[in-house]
Amino acid sequence: MALRSAQNGKYVRAGVGHDTKLAAVSDRVVRGGWEEFEWVRIVGAYPARRFALRSILNGKFVSVGNDGVLRANVAVPANGVVGKRVDILFAGVTLGKGNFALSRVLNGKYVS
């Protein structure tokens, strides 16, 4: 899956800069590239409908740092449990016409 910014029409990619920051900077999606992500549903997360976003290229989960920047930098824990990592949990809000917004579970703020 690829994410496109409603603000500038560009695709979101990981790998911007030296620490895998996410930014809406790509004009196209390269199959298997930094622009591809997958939703990982977190079973048992409360409230329901929480998920994590993982980069296809490096296999790491997207997190939100204290600086508010999204990065694809969290490796899968050895036991495979990601539900306790609140820094990687997101909620989706459907806006209609195929659009949605992401909010960070930790503080409820929307990703921009």
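Since the model is a prediction, treat every value here as computed from it, not as a measurement.

**Some points on the overall build of the chain**
A tally of regular secondary structure across the chain gives zero helices and eight strands. Helices (α) and strands (β) of the chain occur, in sequence order from the N terminus, as β-β-β-β-β-β-β-β. Expressed as a percentage of contacts within the chain between residues at least 6 apart in sequence, the contacts between residues at least 24 apart total 32%. Carbon and sulfur atoms make up 51% of the accessible area of the chain, which amounts to about 7,000 Å² in all.

**Some remarks on the side chain of Ser63**
The residue Ser63 is located in strand β5 (residues 61–64) in this model. We classify Ser63 as buried; its relative accessible area is 7%. One polar contact links Ser63 to Asn73, side chain to side chain, over a distance of 2.8 Å.

**With respect to the side chain of Glu36**
Among the structural elements, Glu36 can be located in the loop between β2 (21–26) and β3 (37–41). Within the buried set, Glu36 has no salt-bridge partner at all; the shortest N-O distance to an opposite charge, 4.0 Å, is to Arg31.

**Quick notes on the environment of Arg54**
Note that Arg54 resides in strand β4 (residues 50–55). Expressed as a C-alpha distance, the spacing of Arg54 and Ala14, which sit 40 residues apart in the sequence, is 9.9 Å. Of the polar contacts made by the side chain of Arg54, one reaches the side chain of Glu38; its length is 2.8 Å.

**Some remarks on the pairing of β5**
A two-sided burial pattern is seen for β5, the buried positions comprising Phe61 and Ser63 on one face and Val62 and Val64 on the other. Hairpin connection of β5 to strand β6 (residues 70–74): five residues between the antiparallel strands, including Gly68 at a positive phi of 80 degrees.

**Observations concerning the confidence of the model for the chain**
Low-pLDDT stretches of the model should not have their predicted coordinates read in fine detail. In this model, the chain carries a mean pLDDT of 75, and residues with pLDDT of at least 70 account for 66%. Within the chain, β2 carries the highest mean pLDDT (86), whereas strand β7 (residues 90–96) carries the lowest (69).

**Brief notes about a nonpolar patch on the surface**
Taken together, the side chains of Met1, Trp39 and Phe100 make up a nonpolar region of the molecular surface, amounting to roughly 260 Å² of accessible area. Owing to a relative accessible area of 34%, Met1 belongs among the partly exposed residues under this scheme.

**Section: the environment of Asn99**
Within the secondary structure, Asn99 sits in strand β8 (residues 99–104). Expressed as a C-alpha distance, the spacing of Asn99 and Arg4, which sit 95 residues apart in the sequence, is 9.3 Å.

**Quick word on the pairing of β6**
When you tally the buried positions in β6, you get four out of five residues, the bulk of the element. Both β5 and β6 contribute to a ladder of four bridges, which runs antiparallel. Bridge pairing in β6 places Phe61 opposite Val74.

What counts and how
- Residues numbered from 1 in each chain as written.
- Predicted model: local features only at pLDDT ≥ 70, side-chain atom pairs only at ≥ 80, totals over all residues.
- Heavy atoms only, no water.
- Helix = DSSP H or I, 4+ residues; strand = E, 2+ residues; numbered from the N terminus.
- Contact = heavy atoms within 4.5 Å.
- Areas by Shrake-Rupley, 256 points an atom, 1.4 Å probe, with all protein chains shown as cover.
- Buried < 20%, exposed > 50% of the residue type's maximum accessible area, 1.4 Å probe, protein only.
- Polar contact = N/O pair within 3.5 Å; in protein donor to acceptor, adjacent residues only side chain to side chain.
- Lys, Arg positive; Asp, Glu negative; His and termini not counted.
- Salt bridge = Lys/Arg side-chain N within 4 Å of Asp/Glu carboxyl O.
- Pairing = 2+ DSSP bridges.
- pLDDT = per-residue confidence, 0-100.
- Patch = residues over 30% accessible without salt bridge, like charges linked within 9 Å, V, L, I, M, F, W, Y side chains within 5 Å.

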